[in-house]
Amino acid sequence: MKPIVLFVAAAAVSLSGAAALAADAPQLLKDKACLACHIVDKKLVGPSYKEVAAKYKSRKDAEAYLVKKIKEGSTGVWGQVPMPANAVSDADAKTLAKYILTIK
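Thresholds, definitions, all that
Each chain carries its own residue numbering, running from 1 in the direction its sequence is written. Two thresholds apply to this predicted model, a pLDDT of at least 70 for residue-level local features and 80 or more for giving and counting side-chain atom pairs, whereas whole-chain, interface and lining totals are computed over all residues. Excluding hydrogens and water, the side-chain values take into account all heavy atoms of the structure. Here is the rule: rings of Phe, Tyr and Trp (six-membered ring for Trp) pair when centre to centre is within 6.5 Å. Planes less than 30 degrees apart are stacked, more than 60 are edge-to-face, and the remainder are tilted. Accessible area is worked out with a 1.4 Å probe on protein chains only. A residue is then buried under 20% of its type maximum, exposed over 50%, and partly exposed in between. Placement of a positive charge over a ring is assigned whenever Lys NZ or Arg CZ falls within 6 Å of the ring centre and within 35 degrees of the normal to the ring plane. A residue's pLDDT is the predictor's confidence in that residue, given on a scale from 0 to 100. Every residue pair with non-hydrogen atoms within 4.5 Å of one another is taken to be in contact. The numbering of helices and of strands both runs from the N terminus, where a helix is a DSSP run of H or I of at least 4 residues and a strand a run of E of at least 2. By convention in these notes, a salt bridge is any Lys or Arg side-chain nitrogen within 4 Å of a carboxyl oxygen on Asp or Glu.

Some remarks on the packing of aromatic side chains
The full count for this structure, using the stated rule, is two aromatic pairs. With a centroid separation of 4.9 Å and 45° between ring planes, the pair formed by tyrosine 56 and tyrosine 65 is classed as tilted. A single burial state applies to tyrosine 56 and to tyrosine 65, both of which are buried. Residue class for tyrosine 56 comes out buried when judged on its relative accessible area of 5%. Ring-pair connections join several aromatic residues into one group, and the members of that group are Tyr56, Tyr65 and Trp78. Sitting above the plane of the tryptophan 78 ring, lysine 55 keeps its charged end 4.3 Å from the centroid. The residue whose ring lies beneath arginine 59 is tyrosine 65, and the NZ or CZ to ring-centre distance is 3.9 Å.

Structure (structure tokens):
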């Protein structure tokens, strides 16, 4: 195959992955009960997803950091209310973290 064809094929796979992320993450937020404590644009029990994205967007390890927080929970990061650990797969936690970091 010519290099341009390989590039186009790789770009198409990448875009389809981004589309899958955009489609899967909102459903995961519902399925995993994330929306019981968090919503996009205002504090509920925990911080809004906009606040989370803004706080961590400059971290080089932001995705990995959020994956760990999603899976293991945390205490004292956003106040007195602890975030419990969540029974999610590594792949689901990564999908959620990537999605949250895209929210503006």
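Here we look at the confidence of the model for the protein
Averaged over all residues, the pLDDT of the protein is 84; the fraction at 70 or higher stands at 78%. Low pLDDT (under 50) marks residues 3–16, which in the prediction has one contact with non-local residues, meaning those over four places away or in another chain.

Some details on the environment of valine 67
Within the secondary structure layout, valine 67 lies in helix 3 (residues 62–72). Along the primary structure valine 67 and alanine 91 are separated by 24 residues, whereas in three dimensions their C-alpha atoms are 9.2 Å apart.

Considering the pattern of salt bridges
Throughout the structure, instances matching the rule amount to four salt bridges. Ionic pairing is found between arginine 59 and aspartate 61, a salt bridge with its closest N-O pair at 2.8 Å. Across the pair aspartate 90 and lysine 71 runs a salt bridge whose closest N-O atoms are separated by 3.0 Å. Here aspartate 90 is found in helix 4 (residues 90–102), whereas its partner lysine 71 is found in helix 3, with 19 residues between them in sequence. On the accessibility criterion, lysine 71 (25% relative accessible area) is partly exposed.

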